[in-house]
Amino acid sequence: MRVIQALYKYALPSTDGVRVSCGELLRDANGLVLVSFPFAFTETSEQALAWFRDHYSQFAEKNYRVVGLSVENVFTLKALREKLHLPYHLHSDANREVSRSLGILLPEVAEVRDVTDCSVLFVDRLRHIRRWTYGGGVSDFERIQRELVKSLVPFPSRLGYY
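Computed from a predicted model, the values in this text were never measured in an experiment.

Draft legend 1. Structural context of the pairing of strand S6 (residues 105–109). In this sheet, strand S7 (residues 112–116) lies alongside S6 in antiparallel orientation, the contact comprising four bridges. Following the sheet pairing, leucine 106 is matched in S7 by valine 115. Connecting the antiparallel pair S6 and S7 is a turn made up of two residues, with alanine 110 showing a positive phi of about 50°.

What follows is the structure, given as structure tokens:
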């Protein structure tokens, strides 16, 4: 299955209590920033999610939707979202269908099989996908942010998008 098809096919449970596909999240946005992380409540995961929390307004100004993705269950993700006061929702891919389709599953981490890696994926409104991996350092996120600024694919104003 093609990656874009997977984004539209699978609806994932979210911390807002709604099942939604990535395609639905893209509907009225300039792009989707998907932050994947392997385990909730780990330093690397919390650093990544908190960095996107702290810079959320910059993404919102560009009409980019930010969401988190993990194979953790939605109850764990809800507790993590509350702890970190995230302005965006986290999505549970406990069945690993989306993560597998996106190619972001690691075979094993800390003796746990099939967990999402530390990646940031960006899908623009033309459905081009870019992917970066991160190790948790601020410099990783600043590099990704610079690349995201370059990623916006503008539509001509005569088409009525601006």
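Draft legend 2. Representation of the packing of aromatic side chains. Inspection of every chain in the model, using the stated rule, returns eight aromatic pairs. On the basis of an interplanar angle of 75° and a centroid distance of 5.0 Å, the ring pair of tryptophan 51 and phenylalanine 52 is categorised as edge-to-face. Members of the aromatic cluster, joined through ring pairs, are Trp51, Phe52, Phe59, Tyr134 and Phe141.

Draft legend 3. Representation of the nonpolar core in the model. Of all hydrophobic cores here, the largest spans 25 residues; its most connected members are Val33, Leu49, Phe52, Phe59, Leu90, Tyr134 and Leu148. Elements with a contribution of two residues or more to this core: strand S3 (31–36), helix H3 (43–54), strand S4 (64–70), helix H5 (74–84), strand S8 (119–124) and helix H7 (138–151). Counting residues per element, this core draws most heavily on H3, at four residues. In terms of nonpolar packing, the next biggest core, distinct from the first, is built from 16 residues, Val20, Cys22, Leu32 and Val98 among them.

Cut-offs applied
Residues numbered from 1 in each chain as written. Predicted model: local features only at pLDDT ≥ 70, side-chain atom pairs only at ≥ 80, totals over all residues. Heavy atoms only, no water. Pairing = 2+ DSSP bridges. Helix = DSSP H or I, 4+ residues; strand = E, 2+ residues; numbered from the N terminus. Phe/Tyr/Trp six-rings, centres within 6.5 Å; stacked < 30°, edge-to-face > 60°. Core = buried A, V, L, I, M, F, W, Y, C linked by side-chain atoms within 4.5 Å. Buried < 20%, exposed > 50% of the residue type's maximum accessible area, 1.4 Å probe, protein only.

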